[in-house]
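# Working through the structure, step by step
Below, each chain spelled out in residue letters.
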Amino acid sequence: MSVIEAIKLKPRDFASDVKPVWCPGCGDYHVLMSVTRALAALGTPPERVAVVSGIGCSSRIPAYTNCYGFHGVHGRSLALGTGLKVARPDLTVLVMSGDGDGFSIGGNHFLHACRRNVDLTYVVMDNRVYGMTKGQPSPTTEPDWDSALAPGGTGLRPFHPLVIALASGANFVARAFSGHPDETARIIVEAVRHPGFSFVEVLSPCVTFRPDQSEWKDLVHAAPVEATDDPARAARRIMTDDGFNIGVLYRGNRPPGTPQAGAAEVDVAELDREFAI
Amino acid sequence: MTSTGARDSACVAIVGSGGAGALTAGSILLEAAGKAGWYGLMTRSVGPQIRGGEAAAFVRLSTHPVECIADRCDAVIAIDWRKADRFADEFALDSGSLLVGDPRGGDVPEALLRSGAATAEVPMKELAKGIEGGRPNMIALGVAAGLVGLSTELVMAVLEKRIGSKGAGAVAASRAAVEIGLDHAQRIGRPIALAAAEGAGHGRWQITGNEAAGLGAVRGGVRFAAAYPITPATELLEWLTPALAKVGGVLVQAEDELASVNMIIGSSFGGTPSLTATSGPGLALMIEALGLATASEIPIVVVDVMRAGPSTGIPTKSEQSDLNIAVHGCHGDAPHIVVAPLSVSDCVFTTQWAVHLAEAMQAPAIVLSDQFLGQTLAVIDPPAPVAFLAQRRVPDAAALAGYQRYKLAADGVSPMALPGMAAGQYTADGLTHNEKGTPSSRTSDHRDQLDKRRDKLTGFAYGDHWAQIEGDGDLVLLTWGSLTGAAREAAQRLSEAGVATRLVAPRLIAPLQVDRLQEAIAGRRVLVIEQNHSGQLYRYLRSMCDLPGEVRTLYRPGPQPIRPGEICAAAQAWRSQ
């Protein structure tokens, strides 16, 4: 083993010196900690990791890492991450999002990223609120949650991201809690290692607009049974659990859908031939 | 013009209802004429049906390269006349034209007869029935070949290539049908006196603008494409799928245009020159991400094959009405590159150049093609290979020490680290950022980075490719894109009629080369010619520079293309006042 390989990477090797914009006590600090711990455990050097995001509180995370990062437009992080991973399959690609970015404006990309099953990891920090715009309901918000934009609540049934991921073809589905950073890091490590599209929903409380979520730390509990490889069974469990089961819930065995760039078989000039009369 | 004396150009239309094979017959006619040494092009016009609608193939043949449709049709050959009146405007018939129809295929539409065109009958269905496996469209092909003076052997050389795999019987049936058609053309006794082709067609190409743009992209180094289907751009993407696979690239079908443009931003961030193609509605969806590519300085190429708009508009018809959105669509101050190919052949050059420009300046480039360029099949001289390649500036070891992705530079272009480069890590960001890439709302950072993005585009050495300029006459025909061919033909006719002209067709729409444009038109009268409802180019030019002297406009929307005769008429009318 060379000297370089022998150097063990530490979480701080994956953290930048940029100060987060998050509120004190935000769950996303712990998610950042989990990501850097996971990357250190994976041992891939930071220059071979790309962290891609959209817009929202959680999407500020790329600049807080020491990896290559992309803070793109609202809702499109999965598309951008897919293009990057297909063009550069040698990279580890983490796509980071929130419940508004990922499930509302980016909802269509979520479905198709699951279907496409490209080998990347999608981590959504779910706090059931738009925080950056100061407290509007998101697709995962409870129907009776009162806000200025929807007084008395939206009355709408919350979106069920884990079940939708299963129905759409995600190959790995897990739920984590930001307040358990070591466990979250372990889940992210497994998600990255699992072939194909891995989806991790991290319950990450918003202390500012959803102070009621402080009770989550008392509600979360380990999933009572082992993960299944049967998507129907996993979906039934998730549809009927209390929403606070933590752990890996589904490990699929679909081969990854990453389209491979072919080997260059011919010189570009060969393409001219089909046009000759 | 009548059919006396050999002419250097002729146009034949073949029309038929669903499944009649008019387009197939037209493309075989074009290729056979190409083999004989004529240049030419085929445009197609179809009804709104997905499959089985009426269709017309317009084949224009010429002794020299042609880049626009003719002012008139010499002959229309109808496999049947059902709904052929919908093409009445496009046929542009006159008393010198000939209408050949199958008496069993309905009456010749009144709208066509009003032109005074001569008529003739060939019972194509009946004749086809007499041949085992015979098809009426092959008889129509034979009639067309006979009218322009193509031999059976030339037509059969193309047919054998196309249907040889179907067996000797199919080839024999087609030969018999073509021969009968040729014989009937003789009997009609009104040949189209097309001047003999000069030189052989060997070595020439038959290509559409969509294929040409795809080829230019691959020649320029594009190795990743994302695709969402949209008329009339889809063929470009379909051509790229196998082409990219052959040269070590890849195409991904996206779920929508929002995804396709963001996918290519991701792949280009990874270091792979990347492209997508769309039409107006798709470009509208991509606009936000074009701003992201501008702000984060990621090179991408978006080909917009324009169609009549707004909204769904007329998806199968050409218009030059996306200039405004292409140049001005982005929110904020978002300088980017807009180029427009000037012919089917030029789609190769201009798309390749766009890849080069985007990569060299780390900025998005929009290529404004249109339905006419994209879907016209043309016989052309092979486009010469050019040296423009994707060459992205990446940091060396010195630049990686204390690396700053958006470092201010004299030419505005800062080295771009690619994932995998140690010490090059940065976060690309649509947020205003400082030189390092860290989000910042400081006044100086915002201004400096806006300046940087502007200066790298305005200071670039575009060379003489910014425009095509021909002639030195007093009257400037100033046009762009697919109308360049029609304007060139008009310029020639005007010169022959004693009106000295100069053709000025900017290939680089943005950043507009104001000084060079003013120099090109100084001291001359200017007629600005474009195909849209509001004079988008004219207004853009007015907003950017002082157009000296007398300036007039010729603009109108699609779907009928502006033909050379219309341009000549506008120029002559101005002259006679």
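Report follows, based on the coordinates. (Residues numbered from 1 in each chain as written. Chains lettered and ligands numbered in written order. Predicted model: local features only at pLDDT ≥ 70, side-chain atom pairs only at ≥ 80, totals over all residues. Heavy atoms only, no water.)

## As for the overall build of chain A
Applicable threshold: The way it works is that DSSP assigns letters per residue, a run of H or I at least four long becomes a helix, a run of E at least two long becomes a strand, and they are numbered from the N terminus. Our radius of gyration is a C-alpha quantity, and the globule rule it is checked against amounts to 2.2 Å times the number of residues to the power 0.38. Think of it in three bands: with a 1.4 Å probe and only protein chains considered, a residue is buried below 20% of the maximum accessible area for its type, exposed above 50%, and partly exposed in between. Here the accessible surface of atoms and residues is derived via Shrake-Rupley with a 1.4 Å probe, and residues count as covered only by protein chains that are part of the display. Here Asp and Glu are counted as negative and Lys and Arg as positive; His is not counted, and neither are the chain ends. We put the charge of a Lys on NZ, of an Arg on CZ, of an Asp on CG and of a Glu on CD.
In terms of helices and strands, chain A carries nine helices and eight strands. Computed over C-alpha atoms, the radius of gyration of chain A comes to 20 Å, within 12% of the 19 Å expected from 2.2 N^0.38 for 277 residues, which places it in the range of a compact globule. Taken across its 277 residues, chain A has 57% of its residues classed as buried. Carbon and sulfur atoms form 56% of the exposed surface of chain A, whose accessible area is close to 11,400 Å². Averaging the locations of the 26 positively and 30 negatively charged side chains of chain A gives two centres separated by 2 Å.

## Things to note about the pairing of strand β8 (residues 224–227) of chain B
Along a regular strand, successive side chains alternate from one face of the sheet to the other. Residues and elements named next belong to chain B. Counted only if it meets this: Strand pairing is assigned whenever DSSP detects at least two bridges linking the two strands. Note on handedness: a crossover is taken as right-handed if, strands pointing away from the viewer, the path from the first strand over the helix to the second is clockwise.
Both faces of β8 are covered, namely the face carrying F224 and A226 and the face carrying A225 and A227. As paired elements, β8 and strand β9 (residues 250–253) share four bridges and run parallel to each other. Within β9, the residue paired with A225 across the bridge is L251. As for the winding sense of the linkage, the β-α-β connection from β8 through helix α9 (residues 234–246) to β9 is right-handed. Two strands pair when backbone bridges link them, and β8 and strand β10 (residues 274–278) are joined in this way by four bridges, in the parallel orientation. Along β10, the bridge assignment pairs A227 with A277.

## As for the packing of helix α17 (residues 483–496) of chain B against helix α20 (residues 564–576) of chain B
All names here are of chain B. In plain terms, the rule: Helix axes use the C-alpha atoms of the stretch in contact, all axes being lines fitted to C-alpha atoms, and the angles between their N-to-C directions lie in the range 0 to 180 degrees. Here is the rule for angles: anything less than 35 degrees is roughly parallel, anything more than 145 is roughly antiparallel, 65 through 115 is roughly perpendicular, and the remaining ranges are oblique. Crossing handedness follows the turn of the near helix against the far one: under a right angle anticlockwise gives a left-handed crossing, and clockwise gives a right-handed one. It only takes one pair of heavy atoms within 4.5 Å for two residues to be counted as in contact. Residues are grouped as follows: Ala, Val, Leu, Ile, Met, Phe, Trp, Tyr, Cys and Pro are nonpolar; Asp, Glu, Lys and Arg are charged; all remaining types, including Gly, are polar.
Interhelical geometry of α17 versus α20 gives an angle of 50 degrees and a closest axis separation of 8 Å. With respect to each other, α17 and α20 are oriented oblique. Here α17 runs over α20; the crossing is right-handed. Across the interface between the two elements, A486, A487, E489, A490, R493 and L494 of α17 pack against P564, G565, I567, C568, A571 and Q572 of α20. Grouping the amino acids of the contact of α17 with α20 by side-chain chemistry returns eight nonpolar, two polar and two charged.

## Quick word on the interface of chain B and chain A
Inclusion rule: Once two parts are joined, some of their accessible surface, as seen by a 1.4 Å probe, is lost; buried area is that loss totalled over both. We count a salt bridge whenever a side-chain nitrogen from Lys or Arg sits within 4 Å of a carboxyl oxygen from Asp or Glu. Any pair of N or O atoms that falls within 3.5 Å is considered a polar contact. Within protein, one atom must be able to donate a hydrogen and the other to accept it, and sequence-neighbouring residues count only if both atoms are side-chain atoms.
Contact with chain B, which involves 58 residues of that partner, is made by 45 residues of chain A. Where chain B abuts chain A, roughly 4,300 Å² becomes buried across the two surfaces, and 64% of that area is made up of carbon and sulfur atoms. Together, K246, E255 and Q425 of chain B form the three largest contributors to the area buried by chain B at its contact with chain A, with a combined 15%. On the surface where chain B and chain A come into contact, there are two salt bridges. For E255 of chain B, the salt bridge goes to R116 of chain A, with nearest N and O atoms at 2.6 Å. Applying the counting criterion to the chain B and chain A interface returns 23 residue pairs in polar contact (both at pLDDT 80 or more). Those elements that provide at least two residues to the side of chain B that touches chain A are α1 (22–36), β7 (205–208), α8 (209–220), α9, β9, α10 (257–269), α11 (280–296) and β15 (427–429) of chain B. For the side of chain B that touches chain A, the element with the highest residue contribution is α10 of chain B, accounting for eight residues. Looking at the side of chain B that touches chain A residue by residue, the class counts come to 29 nonpolar, 18 polar and eleven charged. Both strand β2 (residues 68–71) of chain A and β15 of chain B contribute to a ladder of three bridges, which runs parallel. Bridge pairing in β15 of chain B places F70 of chain A opposite A428 of chain B.

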